[in-house]
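Spelled out from the first residue to the last, the chains are:
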Amino acid sequence: MSVQVENLLKCYQEQRAVNDVSFSIETGEVVGFLGPNGAGKSTTMKIITCYMSPTSGDVRIGQHSILDAAAEIKKKVGYLPESNPLYTDMAVMDFLYFSAEIQGVGSSRIPGRIREMVDVCGLGSEKHKKIGELSKGYKQRVGLAQAMIHDPEVLILDEPTSGLDPNQIVEIRKLIKELGKEKTVILSSHILSEVELTCDRIIIINRGRIVADGKGEELRKGLDKREVVEIRIEFEGGTEEVKKALLGIASVEQVDEEDGGAFQVRSKPGLSSRKELFELCVKKGWNLLGLSKQETRLEDVFKELTQ
Amino acid sequence: MRSALIIAKRELKSYFDSLMAYLLVIVFLGLSGFFTWLFGSNIFFLGQASLQVFFNVSYWSFFFFIPAITMRLLAEEKRTGTIELLCTKAISDTDIVVGKFLACLFLIFLSLFCTLPYYITISYLGEVDHGAVWGGYVGIYLFSASYISVGVFASSTTNNQIIAFLLALFIAIFFQLLFSVVGQNFQGLGGRIFDYLSMGTHFQSISRGVFDSRDLVYFFSIIVAGLYLSRFTLSRRIWRS
């Protein structure tokens, strides 16, 4: 089921929490919502799940609009709120039963759905405990299970992996990827590597506005076309001299010194200086220990776009 | 309606799991039993086969108990954030409010049901005015329903249970006492209006076994107004800006 967000605007007093946000997501896409704290990720998600209404703009899920068919949308959307609120005094099974019932799952289908969710989310060993007694990771799984219990076509997960240990993160990530094959998934995070690994597409949002939208690689390429090379050499004499020599190459724009005889060499836009660097080493009689091209990391993209 | 019942079921389960329901029933039975049968102007002192004493005790104990059981209903959900979970499920805000109201209503029903032995006992002791007893039960039930509705509303306005409790008591004390005091000090139309607003007037008239539409309208107006306002405060999050 597709999700279309059109010119979404949400104001709190003077502040525009979400400012003219538009995007559209196709069925089977896993989209990562990325942004610093307070960027408007959660607000956008709350609007999509009909918890709040926008000041103006519209969200369409399939054929339905949040403005006039909230009841229909709530049936088709599964939502894991930020900070994962749960009824801590309920047992896991009771809570899942309650969630299924309240989402309108037919009573004959409920036991099957619960069994499936317990299975998928790995809750088997903890299913009879009270939610309050579970560790954070298991609570998170319960949160995911309740979001998916009615087999929604759209899943909205607000920071699904926060508070999990690395192993659990890997599992949840795998689960989300699996789900993303047939469902539309929107998840938010401020952990970049996670979004890059799980999502087909990344939307970076800052101060309520979308600042970037595209695949991880596209974003990385789009940011900075300049080549950055790390070069490690063995030489005699002062580093200043080497630096000067490196800057002497026509295509080099900037040289930064690093530890242990390594330098970061940034070329001018559109140019490559690897060949020249090698030739320089040969000419000067330096021993070249390493020469590697630096990938622009998503972190850099994020930093540059949100500062 | 189906969703409201699911909410009510969960809420009741939580009352029983936290022992609050048992506590309510036991304390209520203890208090009302003590004053009805053992202490002060009890049934034996009055020498009448009537449950009037019991209803008066209930009238005051529920005044304090009901805010205590309603205070957590929405305030707790707001504090822990589970309200977000609930409001994004396929149910309406009305279902949530009505479900919570029904859960408390059932608790009160249970407490009153446990006092049926009182009725059976006095009917062995003497000639009982059955109309007055049933009237009393209906009256106390409607009275409780009104305060539950007020309590749900108080709980919807805050995320602090203590504030919800005090607010519910504050609103209820107007109906319980203040309106009737003011009503007695006014002449003419003003006095009649305040007298009509007083809970005591209607409760007494119903517990005499007289079902007057004015009393029923009074109780149902409070119930509906309370629930409507709760739903309104709950829905305000949608338009908050």
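Up top is the structure.
A brief structural summary. Throughout, a residue's number is its position along its own chain's written sequence, starting from 1. A letter from A marks each chain and a number from 1 marks each ligand, given out in the order of writing. Only residues with pLDDT of 70 or above have their local features reported here, since the model is predicted, and side-chain atom pairs are shown and tallied only from 80 upward, although totals for entire chains, interfaces and linings are computed over all residues. The basis for every side-chain value is the complete set of heavy atoms in the structure, and neither hydrogens nor water enter the calculation.

### Some remarks on the overall build of chain B
- Of the regular secondary structure elements, chain B holds 13 helices and zero strands.
- A run of H or I in DSSP counts as a helix once it spans at least four residues, and a run of E counts as a strand once it spans at least two, with each numbered from the N terminus. Listed N to C, the secondary structure of chain B is α-α-α-α-α-α-α-α-α-α-α-α-α in terms of helices and strands.
- Note that the radius of gyration is over C-alpha atoms, with the globule rule given as 2.2 Å times the number of residues to the power 0.38. Radius of gyration (C-alpha) of chain B: 19 Å, near the 18 Å computed for a compact globule of 241 residues.
- Here the C-alpha coordinates of chain B stretch approximately 60 × 50 × 30 Å along the principal axes.
- When the accessible area of chain B is evaluated, it comes to approximately 11,100 Å², of which 70% is carbon and sulfur surface.
- Looking at charge distribution, chain B has the averaged site of its 16 positive side-chain charges lying 9 Å from that of its 12 negative ones. Only the protein chains shown count as covering a residue, and every accessible area follows the Shrake-Rupley method with a 1.4 Å probe. In this tally Asp and Glu are treated as negative and Lys and Arg as positive; neither His nor the chain ends contributes. Every charge is mapped onto a representative atom, which is NZ of Lys, CZ of Arg, CG of Asp or CD of Glu.

### Digging into the overall build of chain A
- Along chain A, the regular secondary structure elements total eleven helices and 14 strands.
- With the C-alpha coordinates of chain A rotated into their principal frame, the extents come out at 80 × 45 × 35 Å.
- Residues counted as buried form 52% of the 307 residues belonging to chain A.
- The contact definition used throughout considers only heavy atoms, calling two residues in contact when any of these lie within 4.5 Å. When contacts within chain A are restricted to residue pairs at least 6 apart in sequence, long-range pairs at least 24 apart make up 68% of them.
- For chain A, the accessible surface area stands at approximately 14,500 Å², while carbon and sulfur atoms represent 45% of it.
- Positive and negative side-chain charges of chain A, numbering 42 and 48 respectively, have mean locations separated by a distance of 1 Å. Three labels apply to residues, based on accessible area from a 1.4 Å probe with only protein chains included: buried if under 20% of the type maximum, exposed if over 50%, partly exposed otherwise in between.

### Observations regarding the pairing of strand β9 (residues 201-206) of chain A
Residue and element names in this part refer to chain A.
- The buried fraction of β9 is high, at six of six residues.
- Alternating positions in β9 separate into two faces, R201, I203 and I205 on one and I202, I204 and N206 on the other, with burial throughout.
- Any two strands are treated as partners once DSSP identifies two or more bridges connecting them. Judged from the four bridges that link them, strand β3 (residues 30-34) and β9 form a sheet pairing that is parallel. Across the sheet, F33 pairs through a bridge with I203, a residue of β9.
- By the bridge criterion, five bridges tie β9 to strand β10 (residues 209-214) in an arrangement that is antiparallel. Within the sheet, the bridge partner assigned to I204 lies in β10 and is A212.
- Between the end of β9 and the start of β10, which pair antiparallel, lie two residues, with R207 showing a positive phi angle near 45°.

### With respect to the interface of chain B and chain A
- Of the residues lining the interface, 26 residues belong to chain B; the matching set on chain A comes to 27 residues.
- Here chain B packs against chain A, burying approximately 2,600 Å² in sum over the two surfaces, 56% of which is carbon and sulfur.
- By definition, the buried area sums, over both parts, the 1.4 Å-probe accessible area that each loses when the two are put together. Of all residues in chain B, the largest losses of buried area upon contact with chain A belong to R10, E84 and K89 of chain B, amounting jointly to 24% of the total for that side.
- By definition here, a salt bridge exists when the distance from a side-chain nitrogen of Lys or Arg to a carboxyl oxygen of Asp or Glu is within 4 Å. One can count two salt bridges joining chain B with chain A.
- Where D94 of chain A meets K13 of chain B, a salt bridge forms, and the shortest distance between an N and an O atom there is 3.5 Å.
- Distance and chemistry together define a polar contact, namely a pair of N or O atoms within 3.5 Å, with one atom able to donate a hydrogen and the other to accept it when in protein, and with adjacent residues in sequence counting only for side-chain atoms on both sides. The interface formed by chain B and chain A contains nine residue pairs in polar contact (both at pLDDT 80 or more).

### Observations concerning the sheet that holds strand β1 (residues 3-12) of chain A
Residue and element names in this part refer to chain A.
- Strand order in the open sheet formed by four strands is β2-β1-β4-β5, and the pairing between neighbours is antiparallel. The open sheet terminates on both sides in strands that have one partner only, identified here as β2 (15-25) and β5 (64-65).
- Summarising the sheet, β1 and strand β4 (residues 56-61) pair through five bridges and their orientation is antiparallel. Considered in β4, the bridge of L9 is made with S56.

### Describing unusual backbone geometry
Residues and elements named next belong to chain A.
- Of note in this structure, S83 is not a glycine but carries a positive phi near 65°.
- Assignment of secondary structure puts S83 in the loop between β6 (77-80) and α3 (92-102).
- The backbone phi angle of R207 is positive, close to 45°, even though this residue is not glycine.
- By the secondary structure assignment, R207 is in the loop between β9 and β10.

### A few points about the packing of helix α2 (residues 20-38) of chain B against helix α7 (residues 93-113) of chain B
All names here are of chain B.
- Between N-to-C directions, angles span 0 to 180 degrees; the directions come from axes that are lines fitted to C-alpha atoms, helices contributing only their stretch in contact. Contact geometry of α2 with α7 gives a least axis separation of 9 Å together with a crossing angle of 40°. For the element pair α2 / α7, the angle class is oblique. For the crossing formed where α2 meets α7, the hand is right-handed. Residues A21, L24, V25, F28 and L29 of α2 touch α7, and the partners they reach there are L107, L110, S111 and L112.
- Residue composition of the contact of α2 with α7, by class: eight nonpolar, one polar and no charged. In this scheme, roughly parallel covers angles under 35 degrees and roughly antiparallel covers those over 145, while 65 to 115 is roughly perpendicular and the rest are oblique. When the near helix sits turned anticlockwise from the far one by under a right angle, the crossing is termed left-handed; a clockwise turn instead gives a right-handed crossing. Gly is put with the polar residues, along with every residue not named as nonpolar or charged; the nonpolar set is Ala, Val, Leu, Ile, Met, Phe, Trp, Tyr, Cys and Pro, and the charged set is Asp, Glu, Lys and Arg.

### Quick word on the environment of Q168 of chain A
Residues and elements named next belong to chain A.
- For Q168, the position within the fold is in helix α6 (residues 166-179).
- By relative accessible area, Q168 is classed as buried at 12%.
- Once the C-alpha coordinates of Q168 and V92 are considered, the two residues, 76 residues apart in sequence, prove to be 19 Å apart.
- Not counting chain neighbours up to four residues away, the residues in contact with Q168 comprise G137 and R141.

### Things to note about the pattern of salt bridges
Residue and element names in this part refer to chain B.
- Using the criterion set out here, one finds 20 salt bridges over all chains in the structure.
- With its nearest N and O atoms 3.5 Å apart, the salt bridge here joins K13 to D17. Taken together, the positions of K13 and D17, both in helix α1 (residues 2-17) and four residues apart, correspond to about one turn of that helix.
- Beyond isolated ion pairs, a larger network of salt bridges with shared partners links R10, E11, R72, E77 and K100.

### Topic: the environment of E76 of chain B
- Looking at the secondary structure, you find E76 of chain B in helix α5 (residues 72-80).
- Separated by 54 residues in sequence, E76 of chain B and H130 of chain B have C-alpha atoms that sit 41 Å apart.

### Details of the packing of aromatic side chains
Residue and element names in this part refer to chain B.
- In this analysis, rings of Phe, Tyr and Trp, with Trp reduced to its six-membered ring, are considered paired at centre separations within 6.5 Å, and the interplanar angle assigns stacked below 30 degrees, edge-to-face beyond 60, and tilted for intermediate values. Per the counting criterion, the structure on display carries 35 aromatic pairs over all chains.
- Judged by centre distance (6.2 Å) and plane angle (70°), the rings of F109 and Y141 are edge-to-face. With a gap of 32 residues between them, F109 in helix α7 and Y141 in helix α9 (residues 130-156) connect regions that are remote in the sequence.
- On the accessibility criterion, F109 (40% relative accessible area) is partly exposed.

### Some details on the sheet that holds strand β8 (residues 184-189) of chain A
Residue and element names in this part refer to chain A.
- The six strands lie next to each other as β6-β7-β8-β3-β9-β10, forming an open sheet whose pairing is mixed. Across the chains shown, the open sheet's two edge strands, defined by having one partner strand only, are β6 and β10. Adjacent strand axes in the sheet meet at a mean angle of 15° when their direction is disregarded.
- Relative to strand β7 (residues 154-158), β6 runs parallel, the two being bridged by four bridges. When the sheet's bridge partners are listed, G78 is paired in β7 with L155.
- Against the sheet, helix α5 (residues 136-148) contacts β6 and β7, and its axis sits at roughly 165° relative to β6.

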